[in-house]
Amino acid sequence: MTGFLGQALLYIVPFLLVLTFIVTIHELGHFLVARAFGVKIDRFSVGFGKTIVSRIDRRGTEWRLAWLPLGGYVKFSGDLDASSVPDQAGLSELRQRVIAEHGPGAERDYFHFKPIWQRALIVAAGPAANFLLAMVLFTILFSVVGEQVAAPRVHGTQPGSPAAAAGFQPRDLIVAINGRPVEDQRDVARIVVMSAGDPVRFEVDRGGQLITLTAVPVRNEVDDEIAGRVKIAQIGIQMQALPGDLSFRTLNPVQAFGKGIETIGSTVSTTVTYIGRIFIGKESGDLLNGPIGIAKAAGGVTQQAVDANPDPGWMAANLALTFLSFAALVSIGIGIVNLLPIPVLDGGHLLFYGYEAVARRPVPARVQEAGYRVGLALLAGLMLFATWNDLQKNGLFTFLGGLA
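A short tour of the structure in this document, coming up. (Residues numbered from 1 in each chain as written. Predicted model: local features only at pLDDT ≥ 70, side-chain atom pairs only at ≥ 80, totals over all residues. Heavy atoms only, no water.)

1. Side note on the overall build of the protein chain
Secondary structure summary: the protein chain contains 11 helices and 12 strands in total. Taking all 404 residues of the protein chain together, the buried fraction comes to 42%. Within the protein chain, contacts between residues at least 6 apart in sequence are counted, and of these 64% link residues at least 24 apart. Accessible surface, the protein chain as shown: approximately 21300 Å² in total, 63% of it carbon and sulfur. (Helix = DSSP H or I, 4+ residues; strand = E, 2+ residues; numbered from the N terminus. Buried < 20%, exposed > 50% of the residue type's maximum accessible area, 1.4 Å probe, protein only. Contact = heavy atoms within 4.5 Å. Areas by Shrake-Rupley, 256 points an atom, 1.4 Å probe, with all protein chains shown as cover.)

2. Concerning the sheet that holds strand β6 (residues 180–181)
In space, the four strands of this open sheet follow the order β6-β5-β7-β8, with antiparallel pairing throughout. Since the sheet does not close on itself, it has two edges, and those belong to β6 and β8 (209–215), each with one partner. Strand direction decides the pairing type here: strand β7 (residues 200–206) and β8, joined by seven bridges, are antiparallel. Considered in β8, the bridge of D205 is made with L210. (Pairing = 2+ DSSP bridges.)

3. Observations concerning the packing of helix α3 (residues 116–145) against helix α6 (residues 253–279)
Each pair of packed helices can be summarised by the angle the axes make with each other and by the distance between the axes. Two numbers describe how α3 lies on α6: the axes approach to 8 Å, and their chain directions differ by 130°. Accordingly, the angle class assigned to the pair α3 and α6 is oblique. Classified by chirality, the crossing of α6 by α3 is right-handed. In this structure, α3 contributes F131, A134, M135, F138, T139, F142 and S143 to the contact, and α6 contributes P253, A256, F257, K259, G260, I261, T263, I264 and V268. (Axes fitted to C-alpha atoms, helices over the stretch in contact; angles between N-to-C directions. Parallel < 35°, antiparallel > 145°, perpendicular 65-115°, else oblique. Left-handed = near helix turned anticlockwise from the far one by under 90°.)

4. Some thoughts on the nonpolar core
Membership of the largest hydrophobic core comes to 23 residues, with the highest contact counts inside it found for I22, F138 and I332. Contributing elements (two or more residues each) for this core: α1 (2–36), α3, α6 and α8 (312–338). Among the elements that take part in this core, α8 stands out by supplying eight residues, more than any other. With near-sequence residues (within four places) excluded, I22 lies in contact with N130, L133, A327, V330, S331 and I334. Ranked by size, the runner-up nonpolar core spans 18 residues in total, among them V154, I177, L213 and A215. (Core = buried A, V, L, I, M, F, W, Y, C linked by side-chain atoms within 4.5 Å.)

5. A look at the pattern of salt bridges
A complete count under the given rule lists 11 salt bridges for this structure. Here R43 makes a salt bridge to E62, at a shortest N to O gap of 2.9 Å. With R43 in strand β1 (residues 41–56) and E62 in strand β2 (residues 62–76), the pair connects residues that are 19 residues apart, well separated along the chain. Judged by its relative accessible area of 18%, E62 is buried. Across the pair R190 and D187 runs a salt bridge whose closest N-O atoms are separated by 3.2 Å. Remark: D187 and R190 occur in helix α5 (residues 185–193); sequence separation between them is three residues, near one turn of the helix. Residues joined in a network through salt bridges with shared partners are E147, R249, K259 and E262. (Salt bridge = Lys/Arg side-chain N within 4 Å of Asp/Glu carboxyl O.)

6. A few points about the environment of R201
Looking at where R201 falls in the secondary structure, it is placed in strand β7. Given the relative accessible area of 37%, R201 is considered partly exposed. Sequence separation between R201 and N178 is 23 residues; the distance between their C-alpha atoms is 4.9 Å. If we skip the residues at most four places from it in the chain, R201 touches A176, I177, N178, G179, T212, L213 and T214.

7. Observations concerning the packing of aromatic side chains
Scanning the entire structure with this criterion turns up nine aromatic pairs. Residues F168 and F202 carry aromatic rings whose centres are separated by 5.3 Å and whose planes lie at 80° to one another, so their mutual orientation is edge-to-face. Of this pair, F168 sits in the loop between α4 (162–166) and β5 (173–177) while F202 is found in strand β7, placing the two residues 34 residues apart along the sequence. Joined through ring pairs, the aromatic side chains of F31, F44 and W63 make up one cluster. (Phe/Tyr/Trp six-rings, centres within 6.5 Å; stacked < 30°, edge-to-face > 60°.)

8. Remarks on the environment of V363
If you trace the backbone, V363 turns up in the loop between α9 (346–359) and α10 (365–393). With a relative accessible area of 9%, V363 lands in the buried category. With 10 residues separating them in the primary sequence, V363 and Y353 have C-alpha atoms 8.2 Å apart. What V363 contacts, discounting residues up to four positions off in sequence, is F352, Y355 and Q368.

Following this line, the structure appears as structure tokens:
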């Protein structure tokens, strides 16, 4: 029981810490831009559920710490709920009441009566805060750790694999894929994973001579120490850098900032590509993580950081750097998800504002309300799908069956 409790805490505590921190930054983005535009804000909550402690500032905003650490929210005056869904039926009544109580012009302090460009900036500020957070974290990480590059040198191929059929040989150096230069083993892995079933053209340096090899990645089931059992595209190649293929460089803050932007761009591109491939049927969605998968990943990276070096000082440093990287990646993921054009999410709000800007009138109330219901259903379906993936990948069905 103690072991099970310890494992549960190892997964749950880091997950809650990371999630709450990142969502709070997301909501802080909304809050700061809204306050800059003079929006009346009822509440800024860290966590959900029953209040632990709260205070009201001089502008009438309640700052609240709640007992359930699953993120947080900002509630603008006039919102129907914490997701900033406007009460369409009550907006006209709200306008009249505000004017009656505070005089003409007072309604301009309310989010839903702000100019469309201000509402759009307030909504976009949440995901923007996530990307900004990732940028800051990566800048710190690369400033402290620097950058290590391991050239994609072929060590061998698996018999019968696409790489073997393509003609890869030991000591081949991959220099470009599909016409794009690559310099690190991670670049090769990222492109191959996103190319299941598609011919991939590799430019290889073989003893000073450039040759072109083509391989089609196939999806194989593998056991990942952190992600669990997943199906990923592979070509059956093993890479191992020779001593001369390894390089390391320290980065000053400006260089680290640039590397952080590059990493964010690469992560966003890979994620968007993967989501697009799911919709066209080229990916199963196996790599999508829900709360269970994220929690397991948080526990996995924590365990790796603890096991890397038993010295307390090194352990603390490893934990800090590991969490910087993990939090940055999760923050990017949350930013991307919130920009999906699904009503209820920030991207859905921006979609409605785009219509309003073009048509010069708001989306009809009935359409918005129907959209929010559909959006909730899509979001619930996405979460259920991701959770189902988590259960399958991490063998929890077997675990639960064993308990029965």
